[in-house]
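# Observations on the three-dimensional arrangement
Here is what each chain is made of, one letter per residue.
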Amino acid sequence: MKPYYDVVIMGGGPGGSTLAALLMKQGGLSVAVMEKEHFPREHIGESFAHPLIPVLEESGALNKVLASDCWVKKFGGIFQWRGEDPHVAYFDHVNTVRDGVHRWAMHVNRSEFDKILLDHAADVGAEVFEGASVTKCELLPDGTGREVTLKDGRTVRAGWFVDASGRRNSIVTNKKRDWLSGYRNIAIWQHYLGGKTTQSLPGDWNIFRDKDISPIGCFAFRDGWAWYIPVPKVINGERVVTHSIGIVTDPAILKRPDCDFTDPELFLRTVKEVPKLRELIQDVRAVDPERMLTATNYSMINDRFANLDERWVLLGDASYFVDPLFSSGVAFATNQAVATATLLGQTASGDVPEQDVRGMWRDYDSEWHGMAATFALSIDQWYYAIGSDNPDSVYWNSRGKAGSLGLTTDQTFHALLNTAFTPDLLQVLSDGEGVDGLDIDGPFMTAYAEANSLNLGPDAKVRLAAGVTVTSGLGLDVPGFKAAVPPIPELMSEEEQKAAATYWSDPVRYADITPSSLGRTLPCHRFFFQNDPDGPQVRGIDTWDGAAEIAKRLNNGPVGWQELIGSLDNAGQRFVRRLLHAGMLDLGGAGVAA
């Protein structure tokens, strides 16, 4: 272990190991990964969302994963929540149906998968130390880095410190994490032999059966929901496909009579009665019949994800975790790793003006907070809709409490599955106050509808409000999912959409057909109040939101509201409404009409 590294990463899970590999690919920085355990090790989270795949391709690890036997290709999900027929969807369902090319992810044996990624980080030049538990991390007196202390007493200095250690209170913030949603969960699971594949379920609704392509199975019951995931494992020296069967419930329910699902026999009896799931598992037998695995404390968040002056970044579950419902955790963590690699590379290069560097650090913090908050609100909405159909359920009625949401689960299903809600709506949802300003029990989609229906009268004219300053520079591309068609499709040309489809047909072969997310920054304009540069800010990406042209027109205003809105595409209209909600537009005395 050297006395100094440019970057020290605490935690060698998918987020930390992917960041290490990406930093080595960028070049120019020395990297050490401190992992307290020795891999391989058991871990929760065996099924992933499709934004993970392009990151593995970017880091160089995808070929190694594909060459292993630890994975099963995953194409979407079957979600049995209510009624006779489940909700079903492919990943990026609309585009998959349109262009016929499946976006895909993986079900994996996590112990093997995580070891492949950590070994890959070492293979490409990062220094990996297993059994190295970090106990302290302090800012150096001169502010040039941090001193990292290990449990065995060794110390190492780091130019930058990244906490990718998982769901624990951060060693650098020295604060307890907040609950992101009002509910508490516990997951209980085990692996079983003898199960049938989820895609074999009968019914015209099953879009996965004809091609025999694997989805995740999620099945609601009175006291929570159950997952069903194919997991290749080595049992008695032989590779076999087991199924991970898990229950997510409220810890309080375990104290009720006949509800202690940590009892292996009771657990199995319970899941064998869950609708649809019971058709797949009548003949299963546990790999380890004597124990159940558990994990608690879902849906928590740290108040800050990054601090330029204190030289630290939080990554993956160390920053936030929303809910296991749509398998988003590892996809979020690895895409955060892309943003972190870009952030550190741009900062260390010395080629970027300080104003832009500070703007990008703010982007990392605010935009990923936005991803967390909007996704949590979306999950709450989903839970609320299920709860309304299960009035006697302790589990479902302790989640997503709100008034009438006015929308069905179908209307949010595809967006939730694709983890695609935009963080830009955070500004609207919180009145510029960030996560602390969100009513977590409130309905996300109602707020979304209100934000998009808010308008000024036909004669209203607007310009920038007094004291609002606009600066131009570079912004961080968050979340920057590679080969993804954006929520507003017209932001991507037909040619680019075809390239994305080609990419998904073989991400290794066609790696260069779509732009890389690594190292990517975008021209942007930032709007803020001059007397409060650290206060509310509305950032617009020039190529997405038309922010440069909007800034010019508002500076030269006043301009008619209807004229302005009518001349913009959907992205531009959303951006102007964000300025309106943030109080950055002078309304000239005009009233606001919904």
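Just so you know, these numbers come straight off a predicted model, no measurement behind them.

## Thoughts on the pattern of salt bridges
Any two side chains of opposite charge can pair, so long as their charged atoms come close to each other. Summed over the entire model, instances satisfying the criterion amount to 24 salt bridges. The salt bridge involving lysine 482 is made with glutamate 57; its shortest N-O contact spans 2.9 Å. With lysine 482 in the loop between strand 23 (468–476) and helix 12 (494–505) and glutamate 57 in helix 2 (residues 52–59), this residue pair connects regions lying 425 residues apart in the sequence. The exposure class assigned to lysine 482 is buried, which follows from its relative accessible area of 7%. Overlapping salt bridges bring together Asp363, Glu367, Arg526 and Arg539 as one network.

## Things to note about the nonpolar core
Counting residues in each nonpolar core, the largest one holds 67 residues, and the members touching the most others are Val7, Ile9, Tyr320, Trp361, Tyr364 and Trp368. Among the elements that line this core, the one with the most residues is helix 8 (residues 354–388), at 11 residues. Formed by 55 residues, the second largest nonpolar core is a distinct cluster that contains Leu52, Ile53, Ile253 and Val274.

## A word on the confidence of the model for the protein chain
Chain-level pLDDT for the protein chain is 86 on average; 84% of the residues reach the 70-or-more range. Across residues 402–447, where pLDDT falls below 50, the model places 118 contacts with residues more than four positions away in sequence or in other chains. Taken as a whole, residues 589–594 scores under 50 in pLDDT and shows 11 contacts with residues more than four places along the chain or in a different chain.

## Here's the deal with the pairing of strand 9 (residues 155–163)
The buried fraction of strand 9 is high, at 7 of 9 residues. For strand 1 (residues 4–10) and strand 9, the ladder comprises 6 bridges, and the chain directions are parallel. The partner of isoleucine 9 across the bridge, within strand 9, is valine 162. Bridge count for strand 8 (residues 146–150) against strand 9 is 4 bridges, and the pairing is antiparallel.

## Things to note about the packing of helix 1 (residues 14–26) against helix 5 (residues 110–123)
Think of two packed helices as two axes; the pair is described by the angle between the axes and how far apart they sit. Orientation of helix 1 relative to helix 5, taken along the N-to-C sense of each, is 25°, at an axis distance of 8 Å. Here helix 1 is positioned roughly parallel relative to helix 5, judged by the angle of their axes. With respect to the hand of their crossing, helix 1 and helix 5 are arranged in left-handed fashion. In contact with Pro14, Ser17, Thr18, Ala20 and Ala21 of helix 1, helix 5 contributes Arg110, Phe113, Asp114, Leu117, Leu118, His120 and Ala121. Grouping the amino acids of the contact of helix 1 with helix 5 by side-chain chemistry returns 7 nonpolar, 3 polar and 2 charged.

## Considering a negative patch on the surface
Taken together, Asp260, Asp263, Glu265 and Glu290 make up a surface patch of like negative charges. As for its placement among the helices and strands, glutamate 290 is situated in the loop between strand 15 (285–286) and strand 16 (293–296). On the accessibility criterion, glutamate 290 (69% relative accessible area) is exposed.

## Observations regarding the sheet that holds strand 24 (residues 521–529)
Judged by pairing direction, the sheet is antiparallel, and its 3 strands sit side by side in the order 23-24-25 without closing on themselves. A strand with exactly one partner marks an edge of an open sheet, and here the two such strands are strand 23 and strand 25 (537–541). Recorded for the sheet is a direction-independent mean angle of 25° between the axes of neighbouring strands. Looking at chain direction, strand 23 and strand 24 are connected through 9 bridges and run antiparallel. For valine 470, the partnering residue across the bridge sits in strand 24 and is phenylalanine 527. Relative to the sheet, helix 16 (residues 570–581) contacts strand 24 and strand 25, its axis offset from that of strand 25 by approximately 170°.

Criteria and thresholds
Residues numbered from 1 in each chain as written. Predicted model: local features only at pLDDT ≥ 70, side-chain atom pairs only at ≥ 80, totals over all residues. Heavy atoms only, no water. Salt bridge = Lys/Arg side-chain N within 4 Å of Asp/Glu carboxyl O. Helix = DSSP H or I, 4+ residues; strand = E, 2+ residues; numbered from the N terminus. Buried < 20%, exposed > 50% of the residue type's maximum accessible area, 1.4 Å probe, protein only. Core = buried A, V, L, I, M, F, W, Y, C linked by side-chain atoms within 4.5 Å. pLDDT = per-residue confidence, 0-100. Contact = heavy atoms within 4.5 Å. Pairing = 2+ DSSP bridges. Axes fitted to C-alpha atoms, helices over the stretch in contact; angles between N-to-C directions. Parallel < 35°, antiparallel > 145°, perpendicular 65-115°, else oblique. Left-handed = near helix turned anticlockwise from the far one by under 90°. Nonpolar A, V, L, I, M, F, W, Y, C, P; charged D, E, K, R; others polar. Patch = residues over 30% accessible without salt bridge, like charges linked within 9 Å, V, L, I, M, F, W, Y side chains within 5 Å. Areas by Shrake-Rupley, 256 points an atom, 1.4 Å probe, with all protein chains shown as cover. Lys, Arg positive; Asp, Glu negative; His and termini not counted. Charge placed at Lys NZ, Arg CZ, Asp CG, Glu CD.

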